[in-house]
Each structure stands twice: as C-alpha cells, then as structure tokens.
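Chain residues, written in single-letter form:
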Amino acid sequence: MPRLTAPPIITATNLSYIRNHEMLIQDFSFEIRTGDYVGVIGPNGGGKTTLLRLLLGLLKPTSGEIHVLEGKPTDVSVRKQIGYVPQRGGNLDLQFPATVEEVVRSGRTTQLGFLEHHGGTHEQIVQQTMMEMGIDELQGRPISQLSGGERQKVLLARAMVAQPKILYLDEPLDGLDPASRETFYEQLRHINEAGVTIIFVSHDVHAIAKEANSAICLKHQLVCHGDNACHIDRRQLRDLFHPDREDILSHHHTH
Amino acid sequence: MLEIFEFDFMRRAMLVGLMVAIVAPTIGLFFVVRRYSAMADTLAHVSFAGVAASLFAGFAAIPTALVFSICSVLGIEHLREKKILPPDTILSLFLFGSLALGVVLLGLSHGKNVNIINYLFGNIVTVTQTDLASIFLLGIITLVLTKILWRQLFAVSIDEDIAEAVGLPVKKLNRLLAVLGASTIAISMSVVGVLLIGALMVIPTLAAMQFRVGFQQTWKISVIISVLSVLLGLISSFYLNLASGGTIVLFTVGFFLFATFIPSPTNASA
C-alpha cells in the first residue's frame, strides 16, 4: 500500500501534558500512517521523550486523546503489538545476571499464554531474530560483557521478537561509534521495509533527514509535522535548535 | 555423623532448613537484581513487629507475622507507585516504624516475651510439627507461584518501563513479588531469625552473581549455595554447640568470599 494513502496507525488530537505546573506538551494534533518511518526531533528538554511516553501509555495526557492501532495506548491488546527500545538501554542494569538469549527471549513474554511453554514457534522466532540482528553468536554471553553497540542490538532484538506493528525508539544510538550507528540504521531500514511503523526520537537532525520519511519537530509545541524531514523550513529548524548556529542549516541541506 | 538424624527435632530442622534454603534465594534473586535488597530487611523488621504482636495477643507467630508483612508490602508498594517519597525513605519509614511498634508491644507483653530471642536470631531446633506444616505449605505455594510467573517477573526485573509498555501488569507483579517476599520471611524466621533472614535471601544470590552467568544459572547456583550453607550450618551448630542462624549465615558469607576468588568461565577464557 502506498505510504501516503495508508490508514493512520496513530492519531493524536489536542494533546497536552503538564507536569509540576510546567507545560511540556502543548496542544498537539498529528497523524502517523501505517508504514511510516517518523523522526521525532527537537532540542534537549523539548518534550520528545515525554511525547513518546504519552504514545506508549506510560504517561497520561492532561488533555486530548491518543489512538494507537484503533485503541488506547494503555489497552493490553494494543501494547502487545508494539516494541520499545528506550534511551541508553533504559533501566537495564549492566550487572544484571542474564545472557543475550535470555534478554531477547523475554521480549516474547506477552506473546505467550499464561501457562504456555516457551518452545516451538516462539523459540524459532527468537533464534531467527537473533540471526537477523547478527547477535546469534553472542547468545550465551552475559550482557555485562557486551559493547554499547552489541547491547543496543540486543535491545532491538528483544523489541522485535514480539513481531510488533509499531516500533518506538528513544535516542537509542547515544554514545555509539559511527560504524555501530550505520549498522543499526540499516537494520531499522529493513524493519521498516517489512512494514513496521517506526517512531524514532532523536536530536540528530541529519540522521533523521537521511533515514526517516516523515518528521515531527517539537519544542513543547508542535513546530511542524512534515512528510519529509528534508522539507522542514530552515527558519523553523534554526529556531528549534540554536538560533545562533547557521551551521546546522547548512549541514541539514547537504542531505 | 548420622546421630544428628536420631533426634526428631534435628530431622524437622533439616526439613525446614532445606525448604527455606530453596525459597529464600529464589525470591531474594528478584530483590537483588532489582536493587531492592533493603526490602528484605524492612520486611524482616515488620515481621518482628508481627511476632511481638502475636506474643502480646497470644496468636500464632508465623501467621501474625505474615499478615503484618503483607499489609506492609501493600502499603510500601502503594507509596512507591505514588512516587511522593524516594523508595529508600519509604522502606526506612516502615523499618523503623515496625521496630518501634515491636519494642512497645514487647514491653506490654509482661513476661510473655521469653521466646523473642528465638525469633530474633533463629533457633531451628525449636521448630514444632505445626511450624513444619505451615512452613511447607507456605513454601510450596511461594515456589509454585514463582515458577508460574517466572517469565513475567524476569521481564519486569530487567526493565519495568519496557514491561509496562508492552503490556505486562507491572504493578500487580510488583505487589505479588512483595507478598512472596513477606511469605518467605515468615517461614524463615525460625531458621535464621528476623535479624538475619535478609542475609539468607541476599548473600547466596550475590555469591552466585560472581560467576557471571545467565539468570537461570545464577538462580541454580544461589540455591546450591543456600542449601549447602543451611546443611553445613546445622551440622556445625549441632556438633559445636553454635547458634544455628548465625552459623548458617556465616557459611553463606564464606561461599561469597570463595566465589569472589573464582574467575568466571567467560573471564577465564578471555
């Protein structure tokens, strides 16, 4: 199905979120279509992660509505169809005693019945996903002994074993070297080509311009929502990040 | 060596010790990996208040301690979810509050507190047939529930946010884990005492983590260490006339120190 005519998979209407009397998200409305690869960009503290947590149902909007996969973000049936890779590995403790295989396999927990044994098809999906992510040779290794790039691949694999329709990523590449970043982006391209909608939060405008086919730019308010990150207005982009840095604009237009 | 089994009280002590040796690190593992070890200590002090209340009112100690612990863990989890206080201060509030309540109730018990030392420091040889039945019933329920919910508890332990985002009932699982912790402490009081039960839940897991293996393997090693510590502790205390609770915990510390000197398989091959 052509992306532009695909049905909306996420709809936000007049979305606002206030915390401790501070307006973090102000009156957002947007639609994300099935199969989109959306970059959510904006300066640090601009509300990107807050928006993602609202979409994930981890925060409750102060006002407005969100519909994901024709349901509420907090519906268990909706949640079983999403994958999430948090910022800097999330709360994953590096000393946590678990192997790569155990962490990846934990991503299938919600797909299994209450007393269902993990095996057969479930195990095939786990093994297949690890192979696709290039971590099958690491499966017996403790996560404490992985590099940053390997750890992010494990977290991506854990999200993908649930075979999600929507994949949320919150600045997953912070602190990684360029080679690890490129491999990660390549894997995301394959995932998107397979029909998974991707919502990618980042402060890296250049990467979003190159990788995503749509962008949501925010700084507490919705600055713009474009079909292609490269078409975001120069002035908006400059105001969004650093009003005094013209170099951001020149870099942005090289892509 | 076999004369130790000629006594009824030692056979009961061995059975109770083995059950506790399996249950304590099984629940303790989830507390340790979530950096929630202080919960074990807090629940132990709440159990102390429960024991004091049982002596004061003339109720059975284990069920009273269990009721106190379950009410407290539900309160602790409620405050933790509200996020109005940092988690460690919530635990401190319950720990010191329970200790104070226990001391006051003991003071009001007027001579009925002769058994309190057994509950504070453990005296496994005083376990009665009724205690044995309660401990086995609670222990088996705790192990069966943990086995059924193992996958869910593991996923929540890795990252609560991700677990909630993908549809796991995180709050319910957290409360259930806390109740299982309360149950573990209630059945372990007679083995190592409320002051040392945290050690039996935490130290075998810490020792097992030194091997740097997976979650399942860490659990198996922690249970082996715990079982060996209880057996060696009971035998030593019988023949050397030592306090059983303290001796058991000293063995767990010994295993921990031993484990820190063993290179992990992955490190050794690197």
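Here the structure is shown first, and the text comes after it.
Being a predicted model, the structure only gives us computed values, none of them experimental.

Participant: Quick question: what am I supposed to make of the overall build of chain A here?
Facilitator: When its secondary structure is counted, chain A shows 9 helices and 9 strands. When burial is assessed residue by residue, chain A has 53% of its 255 residues classed as buried. In chain A, of all internal contacts separated by at least 6 residues, the share reaching a separation of at least 24 is 66%. Carbon together with sulfur atoms contributes 48% to the accessible area of chain A, which is approximately 11,500 Å² in total.

Participant: Would you mind showing me how to read the interface of chain A and chain B here?
Facilitator: With 34 residues of chain A at the interface, the matching set in chain B holds 28 residues. Summing both partners gives a buried area of about 2,600 Å² for chain A against chain B, and 60% of it is carried by carbon and sulfur. The interface formed by chain A and chain B contains 1 salt bridge. For Arg53 of chain A, the salt bridge is made with Asp161 of chain B, and the minimal N-O distance between the two is 2.9 Å. The tally of links from chain A across to chain B stands at 5 residue pairs in polar contact (both at pLDDT 80 or more). Elements represented by at least two residues in the side of chain A that touches chain B include exactly helix H2 (76-79), strand S5 (82-85) and helix H3 (100-106) of chain A. Looking at the side of chain A that touches chain B, the element that brings in the most residues is H3 of chain A, giving 3 residues. Its residues assigned to classes, the side of chain A that touches chain B comprises 15 nonpolar, 12 polar and 7 charged.

Participant: I tried to follow the nonpolar core on my own but got confused; where do I start?
Facilitator: In summary, soluble globular proteins display a tendency toward joint burial of nonpolar side chains. Residue and element names in this part refer to chain A. In terms of nonpolar packing, the biggest core is built from 120 residues, with Leu156, Leu167 and Leu188 touching the most fellow members. Residue contacts for Leu188: discarding those within four places in its chain leaves Tyr37, Leu156, Leu167, Leu169, Ile198 and Phe200. Leu54, Val68, Tyr84 and Leu218 belong to the second-largest nonpolar core, a separate cluster that totals 33 residues.

Participant: Which parts of the structure should I look at to understand the pattern of salt bridges?
Facilitator: Side-chain pairs of opposite charge can arise where the charged atoms are in close proximity. In the structure shown here, the tally under the stated rule is 13 salt bridges over all chains. Put simply, Arg105 of chain A and Glu123 of chain A hold a salt bridge, and the shortest N to O gap is 3.0 Å. Residue Arg105 of chain A is located in helix H3, and its partner Glu123 of chain A is located in helix H4 (residues 120-132); the two are separated by 18 residues in the primary sequence. Since its relative accessible area comes to 18%, Glu123 of chain A is described here as buried. Here Glu77 of chain B ties to Arg80 of chain B by a salt bridge, and the two come within 3.3 Å at their closest N and O atoms. Within this pair, Glu77 of chain B and its partner Arg80 of chain B are both found in helix H3 (residues 61-82), separated by 3 residues, close to a single helical turn. Three or more residues are tied together by salt bridges with common partners; here these are Glu182, Arg189, Lys210 and Glu211 of chain A.

Participant: I keep staring at the side chain of Arg12 of chain B and nothing clicks. Help me out?
Facilitator: By the secondary structure assignment, Arg12 of chain B is in helix H1 (residues 8-33). We note that Arg12 of chain B is buried and unpaired, the nearest opposite charge coming from Asp8 of chain B at a distance of 4.7 Å.

Participant: What is the right way to read H4 of chain A from this model?
Facilitator: Three or four residues apart is the spacing at which side chains of an α-helix point the same way, because the helix has 3.6 residues per turn. Residue and element names in this part refer to chain A. The first and last C-alpha atoms of H4 sit 18 Å apart over 13 residues, in line with the 18 Å expected at 1.5 Å per residue. Listing the buried residues of H4 in full gives His122, Glu123, Ile125, Val126, Thr129 and Met130. Here the buried residues of H4 occupy an arc of 155 degrees about the axis, which is enough to place them on one side. In H4, the exposed residues that point more than 90 degrees away from the buried face are Gly120, Thr121, Gln124, Met131 and Glu132. Buried residues along H4 sit against H3 and helix H5 (148-160).

Participant: I'm lost on the packing of H5 of chain A against helix H6 (residues 178-193) of chain A in this one. Help?
Facilitator: Two quantities define a packed helix pair, namely the angle between the axes and the distance from one axis to the other. Residues and elements named next belong to chain A. Closest axis-to-axis distance for the H5/H6 pair is 10 Å, and the angle between their directions is 15 degrees. By the angle between their axes, H5 is roughly parallel relative to H6. The two elements H5 and H6 meet at a crossing, and its hand is right-handed. Only Ser180, Thr183, Phe184, Gln187, Leu188 and Ile191 of H6 make contact with H5, whose side of the interface consists of Gly149, Gln152, Lys153, Leu156 and Met160.

Participant: Help me out: how do you make sense of the environment of Gly64 of chain A in this one?
Facilitator: Residue and element names in this part refer to chain A. Following the sequence through the fold, Gly64 ends up in strand S4 (residues 63-68). For the pair formed by Gly64 and Asn14, sequence separation is 50 residues and the distance between their alpha carbons is 4.6 Å. In contact with Gly64, not counting residues within four places along its chain, are Thr13, Asn14 and Leu15.

Participant: Help me understand a nonpolar patch on the surface in this model?
Facilitator: Side chains of Phe56, Val104 and Leu108 of chain B sit close together on the surface and give an oily, nonpolar patch of about 270 Å² of accessible area. In this structure, Phe56 of chain B sits in helix H2 (residues 38-57).

Participant: Explain the side chain of Gln152 of chain B to me, please; I cannot follow it from the model alone.
Facilitator: Topologically, Gln152 of chain B is positioned in helix H7 (residues 150-158). With near-sequence residues (within four places) excluded, Gln152 of chain B lies in contact with Thr109 and Phe114 of chain A together with Leu168 and Leu173 of chain B.

Criteria and thresholds
- Residues numbered from 1 in each chain as written.
- Chains lettered and ligands numbered in written order.
- Predicted model: local features only at pLDDT ≥ 70, side-chain atom pairs only at ≥ 80, totals over all residues.
- Heavy atoms only, no water.
- Helix = DSSP H or I, 4+ residues; strand = E, 2+ residues; numbered from the N terminus.
- Buried < 20%, exposed > 50% of the residue type's maximum accessible area, 1.4 Å probe, protein only.
- Contact = heavy atoms within 4.5 Å.
- Areas by Shrake-Rupley, 256 points an atom, 1.4 Å probe, with all protein chains shown as cover.
- Buried area = accessible area lost by both parts, 1.4 Å probe.
- Salt bridge = Lys/Arg side-chain N within 4 Å of Asp/Glu carboxyl O.
- Polar contact = N/O pair within 3.5 Å; in protein donor to acceptor, adjacent residues only side chain to side chain.
- Nonpolar A, V, L, I, M, F, W, Y, C, P; charged D, E, K, R; others polar.
- Core = buried A, V, L, I, M, F, W, Y, C linked by side-chain atoms within 4.5 Å.
- Lys, Arg positive; Asp, Glu negative; His and termini not counted.
- Expected span 1.5 Å × (residues − 1).
- Arc of directions from axis to C-beta.
- Axes fitted to C-alpha atoms, helices over the stretch in contact; angles between N-to-C directions.
- Parallel < 35°, antiparallel > 145°, perpendicular 65-115°, else oblique.
- Left-handed = near helix turned anticlockwise from the far one by under 90°.
- Patch = residues over 30% accessible without salt bridge, like charges linked within 9 Å, V, L, I, M, F, W, Y side chains within 5 Å.

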